[in-house]
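# Survey of secondary and tertiary structure
What follows is each chain in one-letter form.
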Amino acid sequence: MQNIKYSFLALILLLAACSKEAPAPIPVQIPTRTVNYLHEVKPILDKRCAVCHSCYNSPCQLKLNSYEGVDRGGSKKAVYSATRLSTMDPTRLFIDAKTTEEWRKKNFHTVTESTAADGLNNSLMLQILNHKMENPASTGDYFSEAEDLTCSETSIELDGYLSKHPNRGMPFGFPPLTKEEFQLIAGWLAQGAQGPSAAEQVKITTPLAADAAQIKKWETFLNNQTPKYAVTARYIYEHLFLAHIKFGTDTNEFYELLRSKTPTGESIDLIDTIRPYDDPGVEKFYYRFRKIHSTIVHKTHMVFNFDDAQLARFNELFIKPAWLQTPHLMGYNSRDSANPFITFEQIPPRSRYQFLLDNSHYIIMTFIRGPVCRGQIALNVIHDQFWVMFQDPDHDMSVLYPAFLKHQATNLIMPIEKGSKFPVWDLIGNKYDKAIDRYYKARQNFYMTLNYDGLGYDGIWKGNKATDSPLLTVYRHFDSASVHKGVLGDLPRTMWVMDYPLLERIYYALVAGFDVYGTLGHQLAIRLYMDSLREEGESYFLGYMPGNLRQGMVESWYKGIKPDKLIYYDAGMPSNIQYKTDNPKLEFIRYIVSEHINKETSITFDPINFVPDGNFPPLPDKYEVLEDYLQAFRSVSQPGTAFFSFVTDFNANVVYIRIRENSGRDIVLSMVINRWHDNVTFLFKEASTLDPSKDNVDFLLGFHGSYPNYFIDITQDQLPDFFDLLSHLDTTNKEEVRARFNVYGINRAENHFWEKYDWFQERFNKNQPVQSGLFDLNRYYYKASKQPPMP
């Protein structure tokens, strides 16, 4: 980069601040040779820009992890809106428009084109990057998803904004690009911001030979027109339309499954419906695979493997068994298609449920990483940490008695049947609340009728093979969330048990049927519906607890809520477990983890954070080996630890910690703070349900979460002081606390921030080459100063 020769074009600066005249074009050093987008510009945009501009929540809808997104530009319309009363035209990149001209008609404006004379440049991208170079300091607070930010459409508008906010150049609230990075992008812009060449575009969008062979095999399977195959393919597609599919090859390429008007061998002619179950609008269509060539971002990266074993499993689950009805094609009536219990009633419930169980981690992840799970109001429907189990198919009455599902079809309706235009006033006397209440009570009574002795340990699915996930941990990180295999953290307040109807409804209501472009009514109806689904999952767990303790446990989870406001209904079925201790919840999960689940899954209790007896160890006398560090983390993870009760800011929940050992080895942990909620039933006023004195923290080896809120970089010799800070915090001397914390914490305004970020990102990519993607920095701690995340 340093060897590039530039010819400098002198420019005359015009006075533009606070005027209606366009600001002067920016001085640009134009390279004497062509700057290559793929090899020179894209790596910079990925590392410094796509970390905030890559998804639905990208500021100004500006997605910079592909050239198509760069070329599309930005928009003043926000995808996420809490007040939208009419639906918004969808603006999905690669789907809702194919050309630059089509995006302009959808009111997207360029950020790369210049209106200046030849050799000059006044593009928005250069203007805002250059402003940061000239005003490198970041001061104040930075909320990149705030509603008061500008999405300037012209250089005049942007100039006016930057004149009022001189510290808001890009990267937003982070250090500027290096001089070399800036000159390279500036030169590329001055040369016309060209994308990949025709040959390069073919290369990045064409599957490699090994994947191409797999694609042909899978498209043959999915496009078999025999009714049994066709209905199976529809069920698979509706559950995998968000997946990043990886074929069983040595390549690390990913694909998306979609519907096309054209068959295998022809160019894909995409069918661009909002939902996977919407009417395709053509008599015949084909399932096709399209290579993903955008840079992968972790927050939307949901990997699903398609290999020979998976194909054999699909045949085993769906093709070989006899169906409940003669296989026949189903139409796309909007109401029936939104109810999988009607659309797929001909497929045995056991087959459908086992598919979901085989892929339970992926299915729950779609709710966590899909477009529904964004923002505090969408996520305050769940606790900060809980464990999930699943009803064993042999003890799921909906599987054993399929007629029960058919009989309950009218009670298994979901608000998604109204599409994206759910009127807010329809929430008055919400029929879906009433339907779910009727179904829940009927289900409880049905189990009572058929299980007089109650459910025992064998009612919990134990998993069949090493790749199964019979136990999952869900973390809420205030306005994001994550799901992980196994049982992480200490014993949670609540646990869920999901059966087939519950798991299917969570998927369809929150993923397949959710429209991020829908109305306020649509989004609010689904949020309220999820309240009831959560209570269902919790109550099914209570069915395994002693009958005399259930009501008290419910009330402890919903402090401040009158019992008659909950759907909880105990039909009186006893638990078929003879408990030996006075802590049945702990006894139950200990047996499930230690004795019940398939040992091939390798699931054990968290070695750092699981301290159910409350006997936390003291801090170690020395910090020489990993076990010493883990003991220290275990010691400070107890509820009430001073530091974590003091750090009450919602925006500091996920922290990545790097420990530099004297030997040269590095260890990475994630610090996840769990906020105590008296209950999680309120849409608003969440702060009134919090109790910081009961917050606790989990320290987890490796990376957890997609949105780091802070980085900590610490040496082995600094560990004694670091843990002393966490465990013996003197809250009366805040300045001393801040000064000590700043030795280890990496503030967004620090000059070496990008160096630290790059290390964590590269380590993540190295540790998890298939599952990793770019971390999102939109929610990095907002204060740009030596002000740590504390009051």
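Residues numbered from 1 in each chain as written. Predicted model: local features only at pLDDT ≥ 70, side-chain atom pairs only at ≥ 80, totals over all residues. Heavy atoms only, no water.

### Section: the environment of leucine 324
Filter applied, for reference: What counts as a helix is a DSSP run of H or I of at least four residues, what counts as a strand is a run of E of at least two, and both are numbered from the N terminus. When accessible area is computed with a 1.4 Å probe and restricted to protein chains, residues below 20% of their type maximum are described as buried, those above 50% as exposed, and intermediate ones as partly exposed. Contacts: residue pairs with any heavy atoms within 4.5 Å of one another.
In this structure, leucine 324 sits in the loop between helix H10 (308–319) and helix H11 (334–337). Judged by relative accessible area, leucine 324 falls into the partly exposed class, the value being 47%. A sequence separation of 22 residues divides leucine 324 from glutamine 346, and the C-alpha atoms of the two residues are 5.0 Å apart. Leave out the neighbours within four places in its chain, and leucine 324 touches Glu345, Gln346, Ile347, Pro348, Pro349 and Pro402.

### A closer look at helix H13 (residues 349–358)
Counting buried positions along H13 gives 9 out of 10 residues, so the element sits mostly inside the fold. Buried within H13 are the following residues: Pro349, Ser351, Arg352, Tyr353, Gln354, Phe355, Leu356, Leu357 and Asp358.

### Brief notes about helix H20 (residues 520–542)
For the record, the criterion: What a helix is expected to span follows from its residue count: subtract one and scale by 1.5 Å.
Compared with the 33 Å implied by 1.5 Å per residue over 23 residues, the 33 Å span of H20 between its first and last C-alpha is a close match. Here H20 lies mainly inside the structure; 20 of its 23 residues are buried.

### Thoughts on the side chain of threonine 689
For threonine 689, the location among the structural elements is in the loop between strand E13 (666–674) and strand E14 (696–701). Relative accessible area serves as the criterion here: at 4%, threonine 689 is assigned to the buried category. Beyond its immediate stretch of four places on either side in the chain, threonine 689 contacts Trp676, His677, Asp678, Asn679 and Phe682.

### What to know about the environment of phenylalanine 182
Relative to the assigned elements, phenylalanine 182 resides in helix H6 (residues 179–190). As for phenylalanine 182 and phenylalanine 247, which are separated by 65 residues in sequence, their C-alpha atoms are 38 Å apart.

### Quick look at a nonpolar patch on the surface
Quick note on the threshold: The patches described consist of residues with a relative accessible area above 30% and no salt bridge, like charges being joined within 9 Å and nonpolar side chains (Val, Leu, Ile, Met, Phe, Trp, Tyr) within 5 Å. In short, Shrake-Rupley with a 1.4 Å probe defines the accessible areas, and a residue's cover is counted only from the protein chains shown. Salt bridges are counted wherever a side-chain nitrogen of Lys or Arg sits within 4 Å of a carboxyl oxygen of Asp or Glu.
A surface patch of nonpolar side chains, about 510 Å² in accessible area, is lined by Leu85, Val424, Trp425 and Ile428. Inspection of the secondary structure puts tryptophan 425 in the loop between helix H17 (402–407) and helix H18 (431–450). Since its relative accessible area comes to 64%, tryptophan 425 is described here as exposed.

Nothing here speaks to function; it is geometry throughout.
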